[in-house]
Amino acid sequence: MKPVYFDYNATTPLDPLVREAMRPYLDGIFGNPSSVHQIGRQARSLLDDARDRVAQVLGAKPSEIVFTSGGTESNNLAIFGTARLRKPKGRHLITTMIEHHAGLHCFNYLAAKEGFEVTRLPVGRDGRVTVESLRKALRADTILVSVMAANNEIGTVQPVAELGALCRERGVVFHTDAVQWFGKEPFQNVAQFNADLVSICAHKFHGPKGAGALYIRSPLQPDPILFGGGHENERRAGTENLLAIVGLVAAMERFVRTPVFNTEHLTPMTARVADFVGRLPGVELASPVTGRLANTVAFVVERSDSIALMAGLDLVGICASSGSACSAGSLEPSHVILALGFEPRLANALVRFSLGRDSTLAEVERMEELLPQVLKRVQTGQ
Ligand SMILES: Cc1ncc(COP(=O)(O)O)c(C=O)c1O
């Protein structure tokens, strides 16, 4: 029987039409956009076209787009690049306690190795930061604020537009990791975030892995983190991966303005999932009831641990996650669950179901049948 794939926040399958758009770049188009001959010039013109088209979807200028290898690199470029650029103006950085590791670990490094001071804003039980807490944390020497648009583990959506507006008022650069936002939440224009930097990642909305972009609002010029050639207007060295970039463009054009994660399809299913798991003994919902991604339901399980839970679910054919993919298979506690105020032992017992385009009610029903058996097996003291 086909496995139930409830892990769309980890990644999504490549869309067939995106694959078709990419195919010529595997077969015939191979030039290096930096070469001056006709094969290179062809690649350059296709790269320029790709940048124009991403800018079009975002409502940005083509010069404001840097192609990257994905969400991790976009976050690294935004955070390291801005912190280092603006260091002469101050050494105070602000982020939250629930960022993805691709943001969090940049801040840890900057604090440990480069003399920055980092304030990590707390969140409520719903996983949300408040504008008030940001206002209190801002200082004269604050140079960068980074708050994710939507959380990958529990799905909380942050008030980024308000947070960004406050930063703009204070002259502080604002970055948002919108990796889990694109393709899921309403998108009209990148200006809606009031952000100077926005991270995008193609494989979260049926594009290829290893493809992403960073929107950099003009005239900001973060320091590069990759050095070499003068690619991407001196902002990111390395021969452009045209295949991946074309996949990113195709996925953005298809799935961002009209989010591929269709709320009407997903909301009734995840409401049912939340209702079901919330009634199971020893289970507590971690995702907020409102203000969350329509596809995400996370919960913690008493007297169990993530490894046993993931293995138990996998054995019955349900693909889920214990939070961020990098901690799957390890007993690393979820920093998100800890930040929500759950007891530390529960931070090792998180299950995340994230549904998507091809999820069905029949799969939800199958989960309802199988999850109680799995819990019975893995919960100790029953
Ligand atoms: C919120 C968020 N940011 C960044 C990333 C990193 O993306 P990638 O692993 O594709 O570089 C992820 C992926 O899980 C994510 O969910």
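Residues numbered from 1 in each chain as written. Predicted model: local features only at pLDDT ≥ 70, side-chain atom pairs only at ≥ 80, totals over all residues. Heavy atoms only, no water.

S.K.: I would appreciate a short explanation of the pairing of strand β7 (residues 197-201) in the present structure.
M.R.: When a strand is regular, its side chains alternate between the sheet's two faces. With five of five residues buried, β7 is to be regarded as a mostly interior element. Burial of the side chains of β7 extends over both faces: L197, S199 and C201 are buried on one face and V198 and I200 on the other. Relative to β7, strand β6 (residues 173-177) runs parallel, the two being bridged by three bridges. Each residue of the ladder has a partner; that of H175, found in β7, is L197. The pairing of β7 with strand β8 (residues 212-216) spans five bridges and is classified as antiparallel. (Buried < 20%, exposed > 50% of the residue type's maximum accessible area, 1.4 Å probe, protein only. Helix = DSSP H or I, 4+ residues; strand = E, 2+ residues; numbered from the N terminus. Pairing = 2+ DSSP bridges.)

S.K.: It is not clear to me how the sheet that holds strand β5 (residues 142-146) should be interpreted in this structure. Could you clarify?
M.R.: Within a beta sheet, neighbouring strands are joined by backbone hydrogen bonds and run either parallel or antiparallel to one another. The seven strands lie next to each other as β2-β8-β7-β6-β5-β3-β4, forming an open sheet whose pairing is mixed. Both outer strands of the open sheet, β2 (65-68) and β4 (117-121), are each paired with one neighbouring strand and no more. Each strand axis lies, on average, 20° off the axis of its neighbour in the sheet, ignoring direction. Of the pairings in the sheet, the one linking β5 to β6 comprises three bridges and is parallel in character. For V145, the partnering residue across the bridge sits in β6 and is F174. Sitting on the sheet, helix α2 (residues 38-58) touches β2, β7 and β8, and the angle it makes with β2 is about 115°. (Axes fitted to C-alpha atoms, helices over the stretch in contact; angles between N-to-C directions. Contact = heavy atoms within 4.5 Å.)

S.K.: I'm lost on the site of the ligand in this one. Help?
M.R.: Surveying the vicinity of the ligand reveals the residues G71, T72, N75, H100, M148, N152, D177, V179, Q180, C201, H203 and K204. Within the contact set of the ligand, a nitrogen atom lies 2.7 Å away from a side-chain nitrogen or oxygen of D177. Measuring from an oxygen atom of the ligand, one finds a side-chain N or O atom of K204 at 2.6 Å. Expressed as a share of its isolated accessible area of 390 Å², the protein-covered part of the ligand is 85%. Tallied by class, the residues present in the shell around the ligand amount to three nonpolar, seven polar and two charged. (Near = heavy atom within 4 Å. Polar contact = N/O pair within 3.5 Å; in protein donor to acceptor, adjacent residues only side chain to side chain. Areas by Shrake-Rupley, 256 points an atom, 1.4 Å probe, with all protein chains shown as cover. Nonpolar A, V, L, I, M, F, W, Y, C, P; charged D, E, K, R; others polar.)

S.K.: Explain the packing of helix α9 (residues 263-278) against helix α12 (residues 361-378) to me, please; I cannot follow it from the model alone.
M.R.: Working note: a packed helix pair is described by the angle between its axes plus the distance between those axes. The N-to-C vectors of α9 and α12 enclose an angle of 10°; their axes lie 10 Å apart at closest approach. Taken together, the axis directions place α9 and α12 in an arrangement best described as roughly parallel. Taken together, the residues of α12 that come into contact with α9 (itself represented by M269, R272, V273, F276 and V277) are L361, V364, E365, M367, E368, L371 and P372. Per-class residue counts for the contact of α9 with α12 are nine nonpolar, no polar and three charged. (Parallel < 35°, antiparallel > 145°, perpendicular 65-115°, else oblique.)

S.K.: Is there a simple way to explain the pattern of salt bridges in this structure?
M.R.: Pairing of side chains with opposite charge becomes possible as their charged atoms draw close. If you walk through the whole model with that rule in mind, you get 21 salt bridges. Among the ionic pairs, D15 bridges to R254, the shortest N-O distance being 3.5 Å. With D15 in the loop between β1 (4-5) and α1 (16-27) and R254 in helix α8 (residues 242-255), this residue pair connects regions lying 239 residues apart in the sequence. With relative accessibility at 39%, the residue R254 sits in the partly exposed group. Ionic pairing is found between R217 and D196, a salt bridge with its closest N-O pair at 3.3 Å. Here R217 is found in the loop between β8 and α7 (231-234), whereas its partner D196 is found in the loop between β6 and β7, with 21 residues between them in sequence. Of the residues examined, R217 reaches a relative accessible area of 30% and is grouped as partly exposed. Residues joined in a network through salt bridges with shared partners are D15, R254 and R357. (Salt bridge = Lys/Arg side-chain N within 4 Å of Asp/Glu carboxyl O.)

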